[in-house]
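So you can see what is in the structure, the chains are spelled out below.
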Amino acid sequence: MRRSDLPEDFVVGTATASYQIEGATREDGRGESIWDTFARVPGAIADGSTGDVADDHYHRWAEDVRLMSDLGVDAYRFSIAWPRIQPDGTGAPLKAGIDFYRRLAEGLRERGITPWATLYHWDLPQALEDRGGWLQRDTAMRFADYAAQVADRLGDVVTDWITLNEPWCSAFLGYASGHHAPGRTLGSTASHAAHHLLLGHGHALEALRASSSTARVGTTLNLYSVQPAGDSDGDADAARRIDGLSNRLFLDPVLRGSYPADVLDDLGETAWFAENATDDDLRRISAPIDFLGINYYSRHTVASGSTPAAGAPASAYPGSEHVRFVRTGAPVTEMGWEIHPDGMVDVLRQAHELAPELPLYITENGAAYPDRVDEDGVIDDGARTEYLEAHFEAARDAVAEGLPLRGYFIWSLMDNWEWAWGYSRRFGLVHVDYRTQKRTPKRSARWVADFLRDAVPASRG
Ligand code: PNW
């Protein structure tokens with residue numbers, strides 16, 4: 001596989017998110033976010049860590065831009081920390097926060113890297129959580145106001161905008177399983193949060209359009225390829241349910257302006273939606289976007305099982321707790337996520353069928369592997385290169401099939417604070433030593449740099 005197997009204008013980038021890399025959580029007036037709070041809940045994070053320091057990117061951003069320049073990427077997807085702009089989620093923006101992202105965006109442009117900014121990669125100002133967070137409709141309005149302020153001040157240097165990152169995670173890991181901030185476990189509310197997140201997307205989209213005529217605006221969903229484990233009706237129903245909750249509950253409102261009725265039934269939330277998701281909301285949520293971002297990591301293979309006993313841990317799939325996630329025996333990454341590159345084509349196809357004209361981007365794809373240092377002192381990051389090459393091949397196949405895939409972003413530029421896993425999982429092309437903050441490109445980074453210069457090495461080992 002060579003880069004020249006992809007279209008000439010195909011965008012290749014790396015991706016990160018504010019709380020995972022920035023650190024400096026108490027500097028320059030930044031407010032607290034729900035992740036500052038959640039990371040301090042005993043037992044919430046595997047290694048008991050926080051993002052207080054993370055990669056110290058807030059101070060080292062210039063070095064990180066240089067690393068990307070060495071990789072030769074076309075674009076960089078980062079996120080803006082809402083509490084750096086509005087510490088309590090409302091009011092005039094903090095100049096220091098705006099200035100930080102302006103310096104970053106300008107620094108990228110100077111090196112020929114296009115900045116792509118995500119407005120919400122999960123760091124909701126804690127003050128808004130204290131007023132009900134995403135269970136409140138008003139949070140969607142606050143989000144639009146924040147988006148407008150950012151766009152007014154950065155719209156000259158940033159033209160590619162992503163409103164939300166993975167609303168499924170915010171809603172279902174945040175409100176149903178409780179694995180993510182704010183750590184709630186009341187399954188029936190997760191879909192309400194999802195609606196308000198999507199409404200936030202709709203209002204923010206409107207605000208971005210009003211602020212700039214050149215803005216390209218999209219949103220990012222995490223989609224899964226879903227297959228039934230066997231050919232029983234029960235397994236087929238399990239696959240319908242998991243595809244419904246993970247994919248269609250988000251794709252349908254954004255791309256067709258309606259919620260999937262079967263999914264609302266599974267959730268037992270038809271009445272709530274009838275009352276609260278108005279035609280006006282759905283018009284807004286489905287207003288035309290310029291592209292859809294898709295984060296693709298893995299496939300789910302599911303079967304019908306039995307309902308867990310009372311007292312079992314809260315499920316991320318409310319109303320479908322009886323569904324079993326089955327191991328197929330295919331290789332997995334250190335996250336335990338099955339490696340299935342063809343699934344990337346499946347999810348692109350699924351989105352494309354709903355919106356045939358819409359440009360698509362893979363806004364995240366990557367793998368966690370432990371590092372080891374090999375005899376030559378090179379950081380050997382296991383099968384990461386193989387994972388990436390297989391997914392570049394899937395991207396090539398998607399394009400060959402006529403799918404409007406326009407770009408692909410690797411998660412992640414460098415090792416970072418992996419949410420509930422803390423520092424115990426490494427997704428980076430670049431290794432970060434958390435004691436010294438030294439950055440060292442891994443073997444996979446060398447492969448990516450060669451690939452992007454189209455000087456692809458024969459071996460990927
Ligand atoms: C995505 N799951 O998160 C995020 O956008 C990134 O910030 C994150 O670092 C990356 O993927 C790797 O995890 C997810 O449990 C976290 O299904 C959890 C899940 C999915 C995506």
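Asker: With reference to specific residues and values, describe the overall build of the protein.
Answerer: The secondary structure content of the protein amounts to 16 helices and 15 strands. Computed over C-alpha atoms, the radius of gyration of the protein comes to 21 Å, within 12% of the 23 Å expected from 2.2 N^0.38 for 461 residues, which places it in the range of a compact globule. Oriented by its inertia axes, the alpha-carbon framework of the protein measures out at about 60 × 55 × 45 Å. Burial statistics for the protein: of 461 residues in total, 61% are counted as buried. Within the protein, contacts between residues separated by at least 24 positions form 76% of all contacts whose residues are at least 6 apart in sequence.

Asker: Can you explain the sheet that holds strand β13 (residues 405-411)? Please cite residues and give values.
Answerer: Pairing is parallel in the closed barrel, where eight strands are placed in the order β1-β2-β3-β4-β5-β7-β10-β13. Neighbour-to-neighbour, the strand axes of this sheet turn through a mean angle of 25°, independent of strand direction. Running over the sheet, helix α5 (residues 95-110) touches β2 (75-79) and β3 (114-120) and is turned about 170° from β2.

Asker: Kindly report on the nonpolar core, identifying the contributing residues and their values.
Answerer: Of all hydrophobic cores here, the largest spans 145 residues; its most connected members are Trp35, Ile80, Tyr120, Trp161, Phe172 and Leu292. The element that contributes the greatest number of residues to this core is helix α10 (residues 233-256), accounting for nine residues.

Asker: Which residues make up the site of the ligand, and what are the values?
Answerer: Taken together, the neighbourhood of the ligand is formed by 17 residues, with Gln20, His121, Tyr224, Glu364 and Glu418 sitting nearest. Between the ligand and Glu166, the relevant distance is 3.2 Å, taken from an oxygen atom to a side-chain nitrogen or oxygen of the residue. One of the side-chain N or O atoms of Trp411 is found 3.2 Å from an oxygen atom in the ligand. Bound to the protein, the ligand loses 90% of the 460 Å² it would expose on its own. The dominant element in the shell around the ligand, judged by the number of residues it contributes, is helix α8 (residues 167-175), at three residues. Class assignment for the residues of the shell around the ligand results in ten nonpolar, four polar and three charged.

Asker: An account of the packing of aromatic side chains is needed here, citing residue identities and associated values.
Answerer: Scanning the entire structure with this criterion turns up 37 aromatic pairs. Residues Tyr297 and Phe427 carry aromatic rings whose centres are separated by 6.2 Å and whose planes lie at 80° to one another, so their mutual orientation is edge-to-face. Of this pair, Tyr297 sits in the loop between β7 (291-295) and β8 (299-304) while Phe427 sits in the loop between β13 and β14 (430-432), and the two are 130 residues apart along the sequence. Of the residues examined, Tyr297 reaches a relative accessible area of 10% and is grouped as buried. Here the aromatic cluster, defined as three or more aromatic residues joined through ring pairs, consists of Tyr19, Trp35, Phe38, Trp122, Trp417 and Trp419. Geometry around Tyr58 places Arg84 over its ring, the cationic atom sitting 4.1 Å from the centre.

Asker: So what about the pairing of strand β1 (residues 11-15)? Which residues, and what values?
Answerer: Among the five residues of β1, five are classified as buried, and the element is accordingly described as predominantly covered. On β1, burial covers both faces: Val11, Gly13 and Ala15 on one face and Val12 and Thr14 on the other are all buried.

Asker: Report on α5, specifying residues and quantitative values.
Answerer: The end-to-end C-alpha distance of α5 is 22 Å, a good match for the 22 Å that 16 residues give at a rise of 1.5 Å each. Residues of α5 that are buried include every one of Gly97, Ile98, Phe100, Tyr101, Leu104, Ala105, Gly107 and Leu108, and no others. In this fold, the buried residues of α5 make contact with α1 (18-21), α3 (57-71), β2, α4 (82-85), β3 and α7 (137-154). A positive phi of about 75° marks Gly112, the residue just after α5.

Asker: Which residues make up the side chain of Gln126, and what values do they have?
Answerer: Along the chain, Gln126 turns up in helix α6 (residues 126-130). A relative accessible area of 17% places Gln126 in the buried class. Beyond its immediate chain neighbours, meaning those up to four positions away, Gln126 contacts Glu32, Ser33, Ile34 and Thr37.

Asker: An account of the pattern of salt bridges is needed here, citing residue identities and associated values.
Answerer: Counted according to the given criterion, the structure contains 42 salt bridges. Close ionic contact of Glu338 with Arg299 constitutes a salt bridge, the shortest N to O distance being 2.8 Å. Of the two residues, Glu338 is situated in the loop between β9 (323-325) and α14 (342-354) and Arg299 in strand β8; the sequence distance between them amounts to 39 residues. With respect to burial, Glu338 and Arg299 carry one shared label: buried. The salt bridge partner of Arg426 is Asp371, with a shortest N-O separation of 4.0 Å. Of the two residues, Arg426 sits in the loop between β13 and β14 while Asp371 sits in the loop between β10 (360-365) and β11 (372-373), which places them 55 residues apart along the sequence. Look at Arg426 and you get buried, because its relative accessible area is 18%. A single salt-bridge network, built from bridges that share partners, covers Asp237, Arg240, Arg241, Asp243, Arg248, Asp262 and Asp266.

Calculation criteria
Residues numbered from 1 in each chain as written. Predicted model: local features only at pLDDT ≥ 70, side-chain atom pairs only at ≥ 80, totals over all residues. Heavy atoms only, no water. Helix = DSSP H or I, 4+ residues; strand = E, 2+ residues; numbered from the N terminus. Rg over C-alpha atoms; globule rule 2.2 N^0.38 Å. Buried < 20%, exposed > 50% of the residue type's maximum accessible area, 1.4 Å probe, protein only. Contact = heavy atoms within 4.5 Å. Pairing = 2+ DSSP bridges. Axes fitted to C-alpha atoms, helices over the stretch in contact; angles between N-to-C directions. Core = buried A, V, L, I, M, F, W, Y, C linked by side-chain atoms within 4.5 Å. Near = heavy atom within 4 Å. Polar contact = N/O pair within 3.5 Å; in protein donor to acceptor, adjacent residues only side chain to side chain. Areas by Shrake-Rupley, 256 points an atom, 1.4 Å probe, with all protein chains shown as cover. Nonpolar A, V, L, I, M, F, W, Y, C, P; charged D, E, K, R; others polar. Phe/Tyr/Trp six-rings, centres within 6.5 Å; stacked < 30°, edge-to-face > 60°. Lys NZ or Arg CZ within 6 Å of the ring centre and 35° of its normal. Expected span 1.5 Å × (residues − 1). Salt bridge = Lys/Arg side-chain N within 4 Å of Asp/Glu carboxyl O.

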